[in-house]
Each structure stands twice: as structure tokens, then as C-alpha cells.
Amino acid sequence: MNFEPLRAQQAILSSSSLRINPASKQVPSPQLHEEKFSRFVVQDSVEISEAGRQLAEGAIVSHAAKYFGTTQINDALNRVLEDQPEEVSNAVYNMIQSNFIVDGTVTDEKQRAVLLEMGVSQSKYIADRYMEGDKAKEFMKTMNQIAGIALTRTMDSETGDISYTTPADRPIGAPEDYVKLSEVMKQVDPQKYTAFMNDIKGGGNGLSELLSFAQKVPQNPDWINKYKERTEQTEELLNKPQLTNQFDKADTSSASAFMNSMQDLLKESSPAQDSYMQNMRGFFRNLGVQVD
């Protein structure tokens, strides 16, 4: 039986449930400050035309943080993007952030579903235009897996924390029967797992909690069986096709063809097109591609 190396950093990065606190992602809304002189209030306002708004929008290129997900997903993305220009890599991680693993500011489920479907089609555009052969296939397989993870999103009504179910994680090169001991602990002894994580968050390494739990495992073989069952169920859930993409027929033969076909498909199904077209313009802007 193969157990995980006792590394605290991996215990944090490779948790089977990824949690994001949307509060940390939100940007404070602009506030209007009024200057009062005696009984008068002076307010300055500037009106920007639609053309000017698009010009200002086009001047901004955002740089998203790298999405980790699991060791396997991270390794796959690193591998398929290693020979790509920085613009392509940046576009991929921005796409994951804006269309797949979105923050708590996107609360409408229909909007989130449309963004996810758009993200899958944007991924196909990148695969078709920038990759070929096995790398294109691996890229799409990885992006579809991230889409499957995105579909598992849940939000805690009390804390606002967002959770995603991810596949069982294992270090690169680890055998198929690798067991992540901290995940077994999380499943069968949540209280000890909380103590383990609190020790790590407090600057420790959680070693004493992990070792004391490991000593109990040989006397409880059903713990490993339950872990394997849950792992198999999660894999089955994430590998089961769940996404019906309304943008499957989008033309990826060129940037203008893709932009126009996505716009036409959006007209057929989505009344609020402006935000979605802004997403498309951001996609091409990150790629460094000018689209009329």
C-alpha cells in the first residue's frame, strides 16, 4: 500500500475539495465622494461613449493566477502550454478564471452555464488554432475535466465559501493504488483532520496528527476501502459527460469567423449579449488578436 509523503505544502495544495472565498476575489465598487461647500454639492461626472468604452476596455490586458486544480491537471496544462507564446498561456488561465472556476460575483446559474459553455468553445478555438496532434487532444481532455469540476460547484449559504469536487490527487509518478492519507482522515475522522489543517495553518506541519492517524489504519482496513469507493465515484462523476454546449458548432477556422459565429449563436439563445461579447473581446485581447 502506498501512502502520501508527509509534506504539509502538498496537504494544502492537493485537497480534494477546492475552496474559494469570494470575498477575497471581489473588487470594491467605486464610491462617489461628494464635496460640500455650504449648502451646495459639487458632483463631477464623465460620460463615455460606447466606442470610447470599448477603446478603454481594449487597452487592458489582465493576467490571471495559474489554476492548480490537482497535480495531474497542473502537470497537463504545463506540458501543453510549455511551447506556447505567453499570450496563449495567459488566455488559458484567464479563461479558466472567467468562464470555468468563476468567483462569487457570478451568482446567476444560467449566466454561469453560458460562460462555461463559451469557455469550452474558446478552448476548442485554442486547440484548433494553436495546437495539433496529441497536445491538442490532451489540452481539450484537461479543459473538459476542469469543466466537469466547475459543474460540481456548491456555495455555503452561511459563509459564502465556494467548493468544487476534484479528482483524487497523487504526486507525479505515484502508482495507481496511491492513497492520500490526509483525505482518508478527512473522510473518516473530520475532527482530527480539522486539527491537522489547523496545525498547518498555524505554521506547523501536521505531522503528529498524521502519524497518530496512520497508526490506526492497519486496524481499520475498511477506511481504505471507503476511500477507494469514494475516489471511484468522484472519477465516474467527473468523467460522465454532463455539458450540452450550445456553441459546439462555432466556426474556429479564424478569429473573425469564431467571433461572428459565437455572436450569432448568442443572439439565438441569450438576451443579455453585451456581457458575453465583452467576455469574447477579453478572450481575444488576452490572445493578442485584433478582431473587428
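Quantities reported herein were computed from a predicted structural model and do not represent experimental measurements. Counting of residues starts from 1 at the beginning of each chain's written sequence and follows it residue by residue. Where totals are concerned, whole chains, interfaces and linings use all residues; where local detail is concerned, this predicted model gives features only for residues with pLDDT of at least 70, and gives and counts side-chain atom pairs only at 80 or more. Hydrogens are left out, water is left out, and the side-chain values use all remaining heavy atoms of the structure.

**A closer look at the packing of helix α8 (residues 181-188) against helix α11 (residues 221-239)**
1) Next: Here α8 crosses α11 at 100°, and the two axes come no closer than 10 Å. In terms of axis orientation, α8 runs roughly perpendicular to α11. Contacts from Glu 183, Val 184, Gln 187 and Val 188 of α8 reach α11 at Trp 223, Ile 224, Lys 226, Tyr 227 and Arg 230.
2) Next: Three classes are used, and their members are as follows: Ala, Val, Leu, Ile, Met, Phe, Trp, Tyr, Cys and Pro are nonpolar, Asp, Glu, Lys and Arg are charged, and the others, Gly among them, are polar. Among the residues forming the contact of α8 with α11, the class breakdown is five nonpolar, one polar and three charged. In this description, a line fitted to the C-alpha atoms serves as the axis of each element, helices being fitted only across the stretch in contact, and the angle between N-to-C directions of two axes falls anywhere from 0 to 180 degrees. What counts as a helix is a DSSP run of H or I of at least four residues, what counts as a strand is a run of E of at least two, and both are numbered from the N terminus. Here is the rule for angles: anything less than 35 degrees is roughly parallel, anything more than 145 is roughly antiparallel, 65 through 115 is roughly perpendicular, and the remaining ranges are oblique. Any pair of residues with heavy atoms lying within 4.5 Å of one another is described as a contacting pair.

**Quick word on the pairing of strand β6 (residues 162-165)**
1) Next: Across two bridges, strand β5 (residues 154-155) lies against β6 in antiparallel orientation. Paired with Met 155 across the two strands is Ile 162, which belongs to β6.
2) Next: For two strands to be treated as a pair, DSSP must find no fewer than two bridges joining them. Between β5 and β6, which follow one another and run antiparallel, lie six residues, and Gly 160 among them has a positive phi close to 80°.

**Some remarks on the pattern of salt bridges**
Proximity of charged atoms lets side chains of opposite charge pair with each other.
1) Next: Between Lys or Arg on one side and Asp or Glu on the other, a salt bridge is scored when a side-chain nitrogen of the former is within 4 Å of a carboxyl oxygen of the latter. Throughout the structure, instances matching the rule amount to seven salt bridges.
2) Next: The salt bridge involving Asp 75 is made with Arg 79; its shortest N-O contact spans 2.5 Å. Pair noted here: Asp 75 and Arg 79 are both in helix α4 (residues 71-81), with a separation of four residues, about one helical turn.
3) Next: Across the salt bridge formed by Asp 83 and Lys 135, the nearest N and O atoms sit 3.2 Å from each other.

**Description of the nonpolar core**
1) Next: By nonpolar core is meant a set of buried Ala, Val, Leu, Ile, Met, Phe, Trp, Tyr and Cys residues that side-chain atoms within 4.5 Å join together. Relative accessible area decides the class of each residue, using a 1.4 Å probe on protein chains only: under 20% of the type maximum gives buried, over 50% gives exposed, and in between gives partly exposed. Grouped together as the largest cluster of nonpolar side chains are 51 residues, with contacts concentrated most on Ile 96, Phe 100, Phe 139 and Phe 284.
2) Next: Only α4, α5 (86-100), α6 (109-130), α7 (133-150), β6, α12 (255-269) and α13 (273-287) provide two or more residues apiece to this core.

**Comments concerning the side chain of Gln 84**
1) Next: Turning to its location among the elements, Gln 84 is positioned in the loop between α4 and α5.
2) Next: Look at Gln 84 and you get buried, because its relative accessible area is 19%.
3) Next: At a separation of 2.9 Å, a polar atom in the side chain of Gln 84 contacts the main-chain carbonyl oxygen of Tyr 130.
4) Next: Setting aside residues no more than four positions away along its own chain, Gln 84 makes contact with Tyr 130 and Met 131. Identification of polar contacts relies on pairs of N or O atoms within 3.5 Å, with a donor-acceptor requirement for protein atoms, meaning one able to donate a hydrogen and the other able to accept it, and with residues adjacent in sequence counted only if both atoms are side-chain atoms.

**Side note on the confidence of the model for the protein chain**
1) Next: Across the protein chain, the average pLDDT comes to 79, with 76% of residues at or above 70.
2) Next: Model confidence for the protein chain, summarised as mean pLDDT per element, is weakest for strand β4 (residues 40-42) at 33 and strongest for α5 at 96.
3) Next: Confidence over residues 5-59 falls short of pLDDT 50; this stretch has 70 contacts with residues more than four positions distant or in other chains. Every residue is assigned a pLDDT by the predictor, reflecting its confidence on a scale from 0 to 100.

**Points about the packing of aromatic side chains**
1) Next: Side-chain rings of Phe, Tyr and Trp, where Trp is taken by its six-membered ring, are said to pair if the distance between their centres is within 6.5 Å; with planes under 30 degrees apart they count as stacked, over 60 as edge-to-face, and otherwise as tilted. On inspection of all chains with the given rule, the structure shows nine aromatic pairs.
2) Next: Centre to centre, the rings of Tyr 125 and Phe 283 are 5.9 Å apart; their planes meet at 75°, and the pair counts as edge-to-face. One end of the pair, Tyr 125, is in helix α6; the other, Phe 283, is in helix α13, and 158 residues separate them in sequence. Each member of the pair, Tyr 125 as well as Phe 283, is classed as buried.
3) Next: With centroids separated by 5.1 Å and ring planes inclined at 5°, the aromatic side chains of Phe 213 and Trp 223 adopt a geometry described as stacked. A residue pair is termed long-range when its members are at least 10 positions apart, and Phe 213 in helix α10 (residues 207-214) and Trp 223 in helix α11 qualify at 10 residues.
4) Next: Here the aromatic residues Tyr 125, Tyr 130, Phe 258, Phe 283 and Phe 284 are joined through ring pairs into a cluster of three or more.

**A look at the environment of Thr 159**
1) Next: Following the sequence through the fold, Thr 159 ends up in the loop between β5 and β6.
2) Next: Here Asp 161 takes part through its backbone nitrogen, which lies 3.2 Å from a polar atom of the side chain of Thr 159.

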